[in-house]
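# Chain and residue survey
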Amino acid sequence: MKNINEIYAAAKEAYAAYGVDTDAAIARVASIPVSMHCWQGDDVRGFETPDGDLTGGIQTTGNYPGAAHSIDELRCDFEKAASLIPGKKRISLHAIYADSCGDKVGRCDIAPKHFASWVDWAKQKDLGIDFNPTCFSHPMSADGLTLSHPSAEVRDFWVEHCKASRRIAEYIGGELRNAVVTNYWIPDGFKDIPVDRYGARARLVESYDRIFADPCDKACNLDALESKVFGIGAESCTIGSHEFYMGYVMKNGLLLTLDSGHFHPTEMISDKISSALLFMDDILLHVSRPVRWDSDHVVIFDDELRTIAQEILRGGFEKRVHIGLDFFDASINRIAAWVIGTRNMQKALLYAALEPTEALVKYEHEGDFTSRLALLEECRSMPFGAVWEKYCEMQGVPGGMNWLDEVRSYERDVLAKR
Ligand code: RNT
Ligand code: ZN
């Protein structure tokens, strides 16, 4: 077996023939943060009522042993996964992951102090943090409606929760001197055909207007709104639809969140990035994998993932597209799920960075679609694997599948003992 340097040198030369600088591609990708969602580690349970049900029309399926049941376990698992993934990382927290030190803290009573230990930890680990209010898995969301609820009391409750979340995000971003992206997703919808869609959506506008009325420093926090086409038990109408949020964020200068699981099976978010960025400064992605429904399977290195990365890098949009992940699989080792999904995101970014984009665009502008297709197809069989291995080596993370041995021993030594 040749060593990685020899193999890499050959790959470097192969890419150079197309005017692609592999060293530059690696350096570019190493600086793009990917926000790893904390909820892969514990099946979206959080620490508020660890045995409570996950509601809101989302579902984790599977019962693989070893889920995290405490903050320490979750951090430990996350660190393990992060140590096996190259590149810059952030962690996306939900409000239900508050560190309440054993106290029962209501959703409207969460405050910056409940996230101070996350901030300390993130500083130590050099991680950025993102945030999400949790508008599900709670008695006040039991009938499937939150910010658009006909009852003012229910709406007030969730408005307060979102405001509290936003203050926490602003605090975290200020502490880390690195803006938090706060994502608002609500489950609101109807199982059967509603009559007053307009009324429900008008109430949602009013609730968001109240949430965003308080001033908030954009250097510390950016607000992003996430749409959906349907949820389990909310098949007929989703109040926060794509068009609803598209309009709301444009009017109010907020970020649009595009979740790859939230559109029709043949509809892809990669195609939406270029439209959205014409009308707003930033967007947030929830990179996921839908299989027949919004099933949140672990992200694989498929065409859509590569296209998402290409759309970001082709346009030089890496500062305007915040890359977050959103999958939760409880049927396989959860650390492995994080590692596989996040390494795939990194792979897709590197694959995109290695594209001879200029040559492709030139063909396209000249109307030479034959050469465009030929070169695009050639890219698929370039020695990408060698550049990936080099990237992993440079980042000090295991190459190939070697990370799996570490996940297995961690499973034996830590997870199996829970
Ligand atoms: C649900 C949304 C939402 C959640 C997480 C847990 O359909 O995708 O982003 O998955 O916030
Ligand atoms: Zn999502």
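Residues numbered from 1 in each chain as written. Chains lettered and ligands numbered in written order. Predicted model: local features only at pLDDT ≥ 70, side-chain atom pairs only at ≥ 80, totals over all residues. Heavy atoms only, no water.

## Some points on the overall build of the protein chain
Quick note on the threshold: For the purposes of this entry, the term helix denotes a DSSP run of H or I that reaches at least four residues, the term strand denotes a run of E that reaches at least two, and both are numbered from the N terminus. Throughout, the radius of gyration refers to the C-alpha atoms, and the reference size of a globule is 2.2 Å times the residue count to the power 0.38. Contact criterion: two residues are considered in contact whenever any of their non-hydrogen atoms come within 4.5 Å of each other. Values of accessible area rely on a 1.4 Å probe in the Shrake-Rupley scheme; residue burial ignores everything except the protein chains shown. Just so you know, the count uses Lys and Arg for positive and Asp and Glu for negative, and it drops His and the chain ends. Lysine's charge is taken at NZ, arginine's at CZ, aspartate's at CG and glutamate's at CD.
Along the protein chain, the regular secondary structure elements total 14 helices and ten strands. Radius of gyration (C-alpha) of the protein chain: 22 Å, near the 22 Å computed for a compact globule of 418 residues. Across its three principal directions, the C-alpha atoms of the protein chain cover 65 × 55 × 40 Å. Contacts spanning at least 24 positions in sequence make up 81% of the contacts within the protein chain whose residues lie at least 6 apart. Accessible area for the protein chain stands at about 18200 Å²; split by element, carbon and sulfur atoms hold 53% of it. Seen as two clouds, the 45 positive and the 63 negative side-chain charges of the protein chain have centres 1 Å apart.

## Things to note about the packing of aromatic side chains
Convention followed: Note on aromatic pairs: the rings of Phe, Tyr and Trp (six-membered ring only in Trp) are paired at centre separations within 6.5 Å, and the planes decide the class, stacked below 30 degrees, edge-to-face beyond 60, tilted for the rest. Burial status follows relative accessibility: with a 1.4 Å probe on protein chains alone, a residue under 20% of its type maximum counts as buried, one over 50% as exposed, and anything between as partly exposed.
All chains considered together, the criterion is met by 19 aromatic pairs. Taken together, a centroid distance of 5.5 Å and an interplanar angle of 75° make the contact between Tyr351 and Phe384 edge-to-face. Note that Tyr351 is positioned in helix α10 (residues 334–353) and Phe384 in helix α13 (residues 384–394), a separation of 33 residues in sequence. Both residues of the pair, Tyr351 and Phe384, count as buried.

## Observations concerning the site of ligand 1
Just so we agree on the cut-off: The cutoff for a nearby residue is simple: one of its non-hydrogen atoms must lie within 4 Å of the molecule or strand. Each polar contact in these results corresponds to two N or O atoms within 3.5 Å; when the atoms are within protein, one needs to be able to donate a hydrogen and the other to accept it, and residues that are neighboring in sequence are counted only if both atoms are side-chain atoms.
Near ligand 1, the surroundings consist of 13 residues, among which His94, Glu226, Lys228, Asp259 and Asp326 are the closest. Between ligand 1 and the protein, one listed contact pairs an oxygen atom with a side-chain N or O atom of Lys228 at 2.8 Å. Between ligand 1 and His262 there is a distance of 3.0 Å, counted from an oxygen atom to a side-chain nitrogen or oxygen. When isolated, ligand 1 has an accessible area of 310 Å², and the protein chains bury 100% of it.

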